[in-house]
Amino acid sequence: MKVGLYFGSFNPIHVGHLIIANHMVEYSDLEEVWMVVTPHNPFKKKKTLLDNHHRYELVFRATEKYPHLKPSDIEFKLEQPNYTVHTLAHLTELYPQHEFCLIMGEDNLKSFHKWKNYDTILAHHNVYVYPRISNGSLESSLLSHPKIFKVDAPIIEISSTSIRKGIREQKNVQPLLTESVWSYIDQMNFYRK
């Protein structure tokens, strides 16, 4: 099975994440997309970041109606700090029957050459890139790389940061979240302070 890995803090997961993940499953050769919740870095104090298990719960709730989208907490079990190259090696060992690919926004592709062992990632995995509005230019070697595929997905300009700010300011952000995600955030009183 060809699985796309979509990494994120998902703080919180919103409809934009789901639109991109679903688009990747429907309009590329990926059979599943795993939403990999990145853990809280124990060395960084980030008071707006919900605990790992809460963010995983939000992703679980957001994806449960989509059979080809799965939540993943794989990085919670790995040594910190997390490097994508290590996560990919670990998943490949755990699931040798799957072919794992990376999903990233065009903005991340611009700094991909700075990632730890990015060349190792490209030697063993395809990268699916969705468009983002961002500054800067792409490394020329990545523009025509045979393992990098640009997917003509919708450009989504929704951010978790603006959703958290909206909640704090008592704005109605419900249209940006699935019903089950909003109800958990509301019930748990998240992002209000």
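Our structure is the block above this text.
What counts and how
- Chains are numbered independently. Their residues run from 1 in the order of the written sequence.
- Per-residue local features are limited, in this predicted model, to residues with pLDDT of at least 70; the limit for side-chain atom pairs, both in listing and counting, is 80 or more; totals at the level of whole chains, interfaces and linings are taken over all residues.
- Side-chain figures throughout are based on the complete set of non-hydrogen atoms in the structure, without hydrogens or water.
- Helix numbering and strand numbering both begin at the N terminus, where a helix is a DSSP run of H or I of at least 4 residues and a strand a DSSP run of E of at least 2.
- For every residue, the accessible area (1.4 Å probe, protein chains only) is compared with the maximum for its type, and the residue is labelled buried under 20%, exposed over 50%, or partly exposed between those bounds.
- The salt bridge criterion pairs a side-chain nitrogen of Lys or Arg with a carboxyl oxygen of Asp or Glu, the two atoms within 4 Å.
- Any N or O atom pair separated by 3.5 Å or less is treated as a polar contact, with the protein-specific requirement of one donor-capable and one acceptor-capable atom, and with residues adjacent in sequence counted only for side-chain atom pairs.
- Any pair of residues with heavy atoms lying within 4.5 Å of one another is described as a contacting pair.
- Here, nonpolar core refers to any group of buried Ala, Val, Leu, Ile, Met, Phe, Trp, Tyr and Cys residues whose side-chain atoms link them within 4.5 Å.
- The definitions used throughout rest on a 1 Å grid laid over the protein atoms alone, on which a cavity is an enclosed set of points accommodating a 1.4 Å probe that cannot get out and a pocket is an open set flanked by protein within 12 Å on both sides along at least five of seven lines; lining residues are those having an atom within 4 Å of a point.
- Grid points are joined across faces, edges and corners, and a volume is the space filled by probe spheres set on the points.
- The residue classification treats Ala, Val, Leu, Ile, Met, Phe, Trp, Tyr, Cys and Pro as nonpolar and Asp, Glu, Lys and Arg as charged. All others, Gly included, are polar.
- Working definition: a ring pair exists when centres of Phe, Tyr or Trp rings (six-membered ring for Trp) sit within 6.5 Å. Plane angles under 30 degrees give stacked, over 60 give edge-to-face, the rest tilted.
- Ring-over charges, as used throughout, are those where CZ of Arg or NZ of Lys falls within 6 Å of the ring centre and within 35 degrees of the ring normal.

Draft legend 1. Structural detail: the environment of P96. The residue P96 is located in the loop between α3 (84–94) and β4 (99–105) in this model. On the basis of relative accessible area, P96 is assigned to the exposed category, the value being 63%. Spatially, the C-alpha atom of P96 lies 9.9 Å from that of M1, the residues being 95 residues apart in sequence.

Draft legend 2. Inspection of the pattern of salt bridges at higher detail. Evaluated as defined, the whole model comprises eight salt bridges. In this structure, the salt-bridge partner of D29 is K2, at a minimum N-O distance of 2.7 Å. One end of the pair, D29, is in the loop between α1 (15–27) and β2 (32–37); the other, K2, is in strand β1 (residues 2–8), and 27 residues separate them in sequence. Taking the relative accessible area as the measure of exposure, D29 reaches 43% and is therefore partly exposed.

Draft legend 3. Inspection of the side chain of E75 at higher detail. Checked against the element boundaries, E75 lands in the loop between β3 (69–72) and α3. For E75, the side chain forms a polar contact with the side chain of T87, separated by 2.6 Å. Ignoring anything within four residues of it in the chain, the contact list for E75 reads F7, V36, V37, T38, P39, Q80, N82 and T87.

Draft legend 4. Representation of unusual backbone geometry within the structure. Residue P12 is bonded to the preceding N11 through a cis peptide linkage, with omega at 0 degrees. Relative to the assigned elements, P12 resides in the loop between β1 and α1. That bond from Q80 to P81 is cis: its omega, -10 degrees, falls within 30 degrees of zero. Position of P81 relative to the elements: it lies in the loop between β3 and α3. For N189, which is not glycine, the phi dihedral falls at a positive 65 degrees. In this fold, N189 is placed in the segment after α8 (179–188). On the accessibility criterion, N189 (46% relative accessible area) is partly exposed.

Draft legend 5. View of the nonpolar core. In terms of nonpolar packing, the biggest core is built from 34 residues, with Y6, I13, V33 and I185 touching the most fellow members. Those elements that place two or more of their residues in this core are α1, β2, α2 (52–63), β4, β5 (127–130), α7 (160–168) and α8. With near-sequence residues (within four places) excluded, I13 lies in contact with L18, M35, L58, V59, A62, L177 and V181.

Draft legend 6. Representation of the environment of N117. Structurally, N117 can be placed in the loop between α4 (106–109) and α5 (118–124). In the structure, N117 is positioned 31 residues away from H86 in sequence and 9.4 Å away in space, judged by C-alpha atoms.

Draft legend 7. Summary view of the layout of surface pockets. Computed from the structure, the largest pocket encloses a volume of approximately 890 Å³. For the largest pocket, the lining is made up of 34 residues, of which F7, G8, S9, T38 and N108 are closest to its centre. Counting residues per element, the ones that place at least two in the lining of the largest pocket are β1, α1, α3, β4, α4 and α7. If one sorts the elements of the lining of the largest pocket by residue count, β4 sits on top with four residues. The residue inventory of the lining of the largest pocket, partitioned by class, reads 13 nonpolar, 14 polar and seven charged.

Draft legend 8. Main features of the packing of aromatic side chains. Applying the stated criterion across every chain yields a total of ten aromatic pairs. Considering the side-chain rings of W34 and Y95, the 5.3 Å spacing of their centres and the 80 degrees angle between planes classify their relative orientation as edge-to-face. On the criterion of sequence distance, the pair formed by W34 in strand β2 and Y95 in the loop between α3 and β4 is long-range, its members being 61 residues apart. Residue W34 is classed as buried on the basis of its relative accessible area, which comes to 10%. An aromatic cluster is built from Y6, F10 and Y130, whose rings are joined through pairwise contacts. The aromatic ring of Y83 is capped on one face by K116, whose charged end is 5.1 Å from the ring centroid.

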